[in-house]
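Structural overview
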Amino acid sequence: HSVGIIGAPFSRGQRKGGVEKGPDYIRTAGLIEKLQAQGCQVKDYGNLKLDDVPNDEPFGKVRMPKTVGLANQRLADAVHTVKKEGRACVVLGGDHSLAIGSILGHARSQRDLCLVWVDAHADINTPLTSPTGNVHGQPVSYLLKELQSKIPVMPGFSWIKPCITAKDIVYIGLRDLDPEEHYIVKNLGIKSFSMTELDRLGMGRVMEETSDHLFSKVKRPIHLSYDIDALDPLVAPATGTPAIGGLTYREGIYVAEEICKTGLLSAVDLVEVNPSRGKTEEEIRSTVNAAVSVVLSCFGQAREG
Ligand SMILES: N[C@](CCCC[B-](O)(O)O)(CCN1CCCCC1)C(=O)O
Ligand SMILES: [Mn+2]
Ligand SMILES: [Mn+2]
Ligand SMILES: [Mn+2]
């Protein structure tokens, strides 16, 4: 595997400081060396400089729209560069608002991409339905063509053109949706495997159905957007919006192993690792190590050897 790493130290899609430290904690845990040790050819593109835009006024409940929009514009350019250089792209977050730039940048070179969204949350609030105004709970709404009539013109977001439709995305791990999100997911008929379906079907069947739905008949590049809060807080506590009853470590790794085996993985986001939300060093270590293991499993680490 040829892999490009982009660090996106960004926290302005939500309100809890510390998630901007995610990239460096993941690097310090040895992600790059471990990828190389398992035979990957790795280029580290470094950390993006994602500074606050001065005089950035709220738009309704949404804080710092220009800052969030510009950060994602820069990320989109960086992801496009990695793809042009023929590598699989790994974006280390940073909060999940970064999926806007990551996916739009990816779609510039891979028009028929499909999206596997692993998360406790659907992240599909619009700026108008969001209960918090936090953009990390909204990225999918900016990407879906079906929702464009519901997205207001927002400072810093005018460059964004939706690149996917509801049939191009599968959710895995959902267990904490706002009512408006649930309505949108149902209304658009988005394929989703909540923790209930996971309990009923098991992750093996979930991945089979995900494959059938997205990429088994017609091969297409996969964008895996992996929010560490998909994992149970017992495994990954150092994150901004933990929700109990999440994926086991084994399930979280299995998703990545199966995606790896398709040979179609084109980009992965690993987001929402927030060291400041760990109550102990052990909680931080557990969260960061899980993040590293997920990425290693995306690029060939297999428990079978
Ligand atoms: N849906 C929430 C959480 C978003 C999490 C973003 B992610 O997945 O990137 O971490 C709001 C959640 N909800 C608000 C009311 C009180 C309970 C939590 C939102 O703020 O939109
Ligand atoms: Mn989440
Ligand atoms: Mn998320
Ligand atoms: Mn979060």
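Since the structure is predicted, the reported quantities are computational estimates derived from the model, not experimental observations. (Residues numbered from 1 in each chain as written. Chains lettered and ligands numbered in written order. Predicted model: local features only at pLDDT ≥ 70, side-chain atom pairs only at ≥ 80, totals over all residues. Heavy atoms only, no water.)

1. Some remarks on the coordination of the manganese ion (ligand 3)
Note the following rule: Donor atoms (N, O, S) are those found within 2.8 Å of the metal centre, with the cutoff raised to 3.2 Å for Na, K and Ca; water is not part of the atom list, so apparent gaps in a site can occur. By the criteria applied here, four donors are tetrahedral when all angles lie between 85 and 135 degrees, four are square planar and six octahedral when opposite donors are over 155 degrees apart and every other angle lies between 65 and 115, and any other arrangement is irregular. A run of H or I in DSSP counts as a helix once it spans at least four residues, and a run of E counts as a strand once it spans at least two, with each numbered from the N terminus.
Surrounding the manganese ion (ligand 3) are the protein donor atoms His-96 (ND1), Asp-119 (OD), Asp-123 (OD) and Asp-227 (OD), which sit 2.1 to 2.2 Å from the metal. Around the manganese ion (ligand 3) sit 6 donor atoms, and with donor-metal-donor angles ranging over 60 to 174° the site reads as irregular. Taken in chain order, the donor set of the manganese ion (ligand 3) reads H-x22-D-x3-D-x103-D. A separation of 3.3 Å is found between the manganese ion (ligand 3) and the manganese ion (ligand 2), which are bridged by Asp-119. Pair noted here: Asp-119 is in the loop between strand 4 (114-118) and helix 5 (139-143) and Asp-227 is in strand 7 (residues 222-227), with a separation of 108 residues, a long-range link.

2. Overview of the nonpolar core
For clarity, the threshold we go by: Among the buried residues, those of types Ala, Val, Leu, Ile, Met, Phe, Trp, Tyr and Cys that are joined through side-chain atoms within 4.5 Å form a nonpolar core. Exposed residues in this analysis have more than 50% of their type's maximum accessible area, buried residues have under 20%, and partly exposed residues fall in between, with area computed by a 1.4 Å probe over protein chains only. Two residues qualify as a contact provided that any one of their heavy atoms is within 4.5 Å of a heavy atom in the partner residue.
By size, the foremost hydrophobic cluster in this structure holds 52 residues, and its most contacted members are Ile-172, Leu-270 and Phe-299. The element that contributes the greatest number of residues to this core is helix 9 (residues 281-298), accounting for 9 residues. Contact partners of Phe-299, with chain neighbours within four places excluded, come to His-1, Val-3, Leu-35, Gln-38, Cys-40, Ala-88, Val-90, Cys-260, Leu-265 and Val-268. Counting residues in each nonpolar core, the second largest holds 46 residues, with Ala-8, Leu-113, Leu-147 and Ile-151 among its members.

3. Topic: the sheet that holds strand 1 (residues 2-8)
The condition is simple: A pair of strands is considered paired only if DSSP assigns at least 2 bridges between the two. A fitted line through C-alpha atoms represents every axis, and for helices the fit uses only the stretch in contact; the resulting angles, taken between N-to-C directions, go from 0 to 180 degrees.
Strand order in the open sheet formed by 8 strands is 2-1-3-8-7-4-5-6, and the pairing between neighbours is parallel. Looking at the sheet topology across the chains shown, the edges are occupied by strand 2 (41-47) and strand 6 (191-194). Averaged over neighbouring strand pairs, the angle between their axes works out to 15° when direction is ignored. Here strand 7 pairs with strand 8 (residues 265-271) via 6 bridges, running parallel. Among the inter-strand pairings, Ile-222 is bridged to a residue of strand 8, identified as Leu-265. Contacts from helix 3 (residues 65-84) reach strand 1, strand 2, strand 3 (88-93) and strand 8, with the element oriented near 150° to strand 3.

4. Considering the layout of surface pockets
The gaps of empty space that remain are located by a probe, the size of a water molecule, rolled over the atoms. How we decide: For cavity detection a 1 Å grid was placed over the protein atoms alone, and a set of points counts as a cavity when a 1.4 Å probe fits there but cannot get out; an open set counts as a pocket when protein lies on both sides within 12 Å along at least five of seven lines, with lining residues being those that have an atom within 4 Å of a point. Grid points are joined across faces, edges and corners, and a volume is the space filled by probe spheres set on the points.
Taken as a whole, the largest pocket holds about 340 Å³ of empty space. If you trace the largest pocket, you find 21 residues lining it, with His-121, Thr-132, His-136, Gly-137 and Thr-241 closest to the centre.

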